[in-house]
Structure formats: structure tokens, C-alpha cells
Amino acid sequence: PDRAFYGDSYVFAASEAEAIQTLLITDELFRSPDLALRRKYVQLVEKTREQRGEVKIFSTQHVSGEQLQVLSGIAAILRF
């Protein structure tokens, strides 16, 4: 990919700009005990799909999910 972001603030900013081609997110973020935090990530996934982006959810039980979790658990490959 030409451009990619990782970390909450960057990924959410990319979402606001409708720039996410592929959202990479770990399942760990959906299991947070904080309901508001879980809702925030669910809304991001829904918004990405509405903007015709692709969403890939990674299990933290797999090596790729573990690596993504180290990078904040969320990343985005950008359209532009």
C-alpha cells in the first residue's frame, strides 16, 4: 500500500476524510469492558463499510493479530 495509518487518532481522522480503503482491527477492541469504547469501534467498522471500505478483523490468538495489537490494535490502508 502507498499509505497506511495506525493508532486511534490517525485512523479516525482518515475515516472522517473517507480515506479508508481497508480497516484492520483486532477482536480485542470489541471485547473491551468499556461499553462506550466498544461502541466507538463498532461505529467505525459500520462507517467504513458504508464508505465502501473493506474491514478485516484479526484474532489476537493469531500471530498477525498479536502484531496488530502491538501497533494499537487498529490500522488503515488508505485510498489516497
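These notes cover the structure that comes with them.

Calculation notes
- Residues numbered from 1 in each chain as written.
- Predicted model: local features only at pLDDT ≥ 70, side-chain atom pairs only at ≥ 80, totals over all residues.
- Heavy atoms only, no water.
- Pairing = 2+ DSSP bridges.
- Helix = DSSP H or I, 4+ residues; strand = E, 2+ residues; numbered from the N terminus.
- Axes fitted to C-alpha atoms, helices over the stretch in contact; angles between N-to-C directions.
- Contact = heavy atoms within 4.5 Å.
- Left-handed = near helix turned anticlockwise from the far one by under 90°.
- Nonpolar A, V, L, I, M, F, W, Y, C, P; charged D, E, K, R; others polar.
- Phe/Tyr/Trp six-rings, centres within 6.5 Å; stacked < 30°, edge-to-face > 60°.
- Buried < 20%, exposed > 50% of the residue type's maximum accessible area, 1.4 Å probe, protein only.

1. A short note on the sheet that holds strand E2 (residues 20-26)
As summarised here, the arrangement of the 4 strands in space is E1-E4-E2-E3, forming an open sheet in which the pairing is mixed. Edge positions in the sheet fall to strand E1 (4-6) and strand E3 (54-58), since each has one partner strand and no second. For this sheet, the mean angle separating the axes of adjacent strands, direction not counted, is 15 degrees. In the sheet, E2 pairs with strand E4 (residues 74-78) via 5 bridges, with the strands oriented antiparallel. By the bridge assignment, Thr22 is partnered in E4 with Ile77. Together, E2, E3 and E4 form the strand contacts of helix H3 (residues 63-70), whose direction differs from that of E2 by roughly 100 degrees.

2. Brief notes about the packing of helix H1 (residues 8-16) against helix H2 (residues 35-50)
Packing of H1 against H2 brings their axes to within 11 Å, and their N-to-C directions diverge by 35 degrees. Seen from above, H1 lies across H2 with left-handed handedness. Each of Asp8, Val11, Phe12, Ser15 and Glu16 in H1 lies in contact with H2, whose residues at this interface are Lys40, Tyr41, Leu44 and Lys47. Class assignment of the residues belonging to the contact of H1 with H2 gives a composition of 4 nonpolar, 1 polar and 4 charged.

3. A short note on the packing of aromatic side chains
Summed over the entire model, instances satisfying the criterion amount to 2 aromatic pairs. When the centroid spacing of 5.7 Å and the interplanar angle of 45 degrees are considered together, the rings of Phe5 and Tyr10 count as tilted. Aromatic pair Phe12 and Tyr41: ring centres 6.1 Å apart, planes at 50 degrees, arrangement tilted. Of this pair, Phe12 sits in helix H1 while Tyr41 sits in helix H2, and the two are 29 residues apart along the sequence. The exposure class of Tyr41 is buried, given its relative accessible area of 3%.

Remember that the coordinates give geometry; whether it matters functionally is a separate question.
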